[in-house]
Amino acid sequence: AQSVTQLDSHVSVSEGTPVLLRCNYSSSYSPSLFWYVQHPNKGLQLLLKYTSAATLVKGINGFEAEFKKSETSFHLTKPSAHMSDAAEYFCVVSAISGGYNKLIFGAGTRLAVHP
Amino acid sequence: GAGVSQTPSNKVTEKGKYVELRCDPISGHTALYWYRQSLGQGPEFLIYFQGTGAADDSGLPNDRFFAVRPEGSVSTLKIQRTERGDSAVYLCASSLTGEARAFFGQGTRLTVV
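A. How the structure looks around unusual backbone geometry. Cis rather than trans, the peptide bond between Thr7 of chain B and Pro8 of chain B has omega equal to -10°. Relative to the assigned elements, Pro8 of chain B resides in the loop between β1 (5-7) and β2 (10-13). The phi angle at Asn61 of chain A is positive, at roughly 60°, despite the residue not being glycine. Tracing the backbone through its elements, the reader meets Asn61 of chain A in the loop between β7 (56-58) and β8 (64-68). We classify Asn61 of chain A as partly exposed; its relative accessible area is 49%. Although it is not a glycine, Thr72 of chain A adopts a positive phi angle of roughly 45°.

Shown next, in the form of structure tokens:
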């Protein structure tokens, strides 16, 4: 079975400092992994995805994530936080079930950015 | 359309009433998903449609929940005899068949009072 664990429910950073949102996954085969962002009262937006190509994945808005099979991790990073990055972030694994991709979400990490 | 559209954006209903939530997927997307997001949690899978048929409804919590997609495009999630515990944001997503990436609507916030 596939699952994801987001290690922090809340992360607080100062504007201009690095962001690290941690995610560990469990999968019985090579997974597809995603990070989605959810701003208040807005829909889920895809930040980036890993689908067995390069292990370092670059996404939108300066975010990137590195797939580490040995650590079963897919942590999300950004060198310098902006106020507009404050949102809920979800790590997601894709579970192939019956020939289609069922998305399994983590519980989410709420990122707060302070001036 | 340009994106996945869900209506209404907000729905308040009394306990015991029947509600319908609508999802209009991206044109041409044959795969359609419903998810439920309770307060403080990540979205949880409810049901998946491939075309007109429900290929996987294993996430529906009980028989009060039902969904249809009669023409392979618009889908309706139906909840009978609503309970306060059904209060959540109901999310719809669509994708091309075989594509891992799904596009999400903004959701319908259901409040049962």
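B. Structural view of the pairing of strand β9 (residues 73-78) of chain A. Residue and element names in this part refer to chain A. Two strands pair when backbone bridges link them, and strand β3 (residues 19-21) and β9 are joined in this way by 3 bridges, in the antiparallel orientation. Each residue of the ladder has a partner; that of Val19, found in β9, is Lys78. The pairing of β8 with β9 spans 5 bridges and is classified as antiparallel. Pairing of Ala65 across the sheet is with Leu76, part of β9. Turn length for the β8-β9 hairpin, with the two strands adjacent in sequence and antiparallel, is 4 residues, and the turn residue Thr72 shows positive phi of about 45°.

C. Representation of the interface of chain B and chain A in the model. Each side of the interface is counted separately: chain B has 21 residues, and chain A has 17 residues. Carbon and sulfur atoms supply 55% of the area buried between chain B and chain A, which totals about 1,600 Å² over both sides. Counting the surface chain B buries against chain A, the share from its top three residues, Ala100, Arg101 and Phe104 of chain B, is 31%. Counting across the chain B and chain A interface gives 1 salt bridge. Two residues, Lys102 of chain A and Asp56 of chain B, come together in a salt bridge whose shortest N-O distance is 3.3 Å.

What counts as what
Residues numbered from 1 in each chain as written. Chains lettered and ligands numbered in written order. Predicted model: local features only at pLDDT ≥ 70, side-chain atom pairs only at ≥ 80, totals over all residues. Heavy atoms only, no water. Helix = DSSP H or I, 4+ residues; strand = E, 2+ residues; numbered from the N terminus. Buried < 20%, exposed > 50% of the residue type's maximum accessible area, 1.4 Å probe, protein only. Pairing = 2+ DSSP bridges. Contact = heavy atoms within 4.5 Å. Buried area = accessible area lost by both parts, 1.4 Å probe. Salt bridge = Lys/Arg side-chain N within 4 Å of Asp/Glu carboxyl O.

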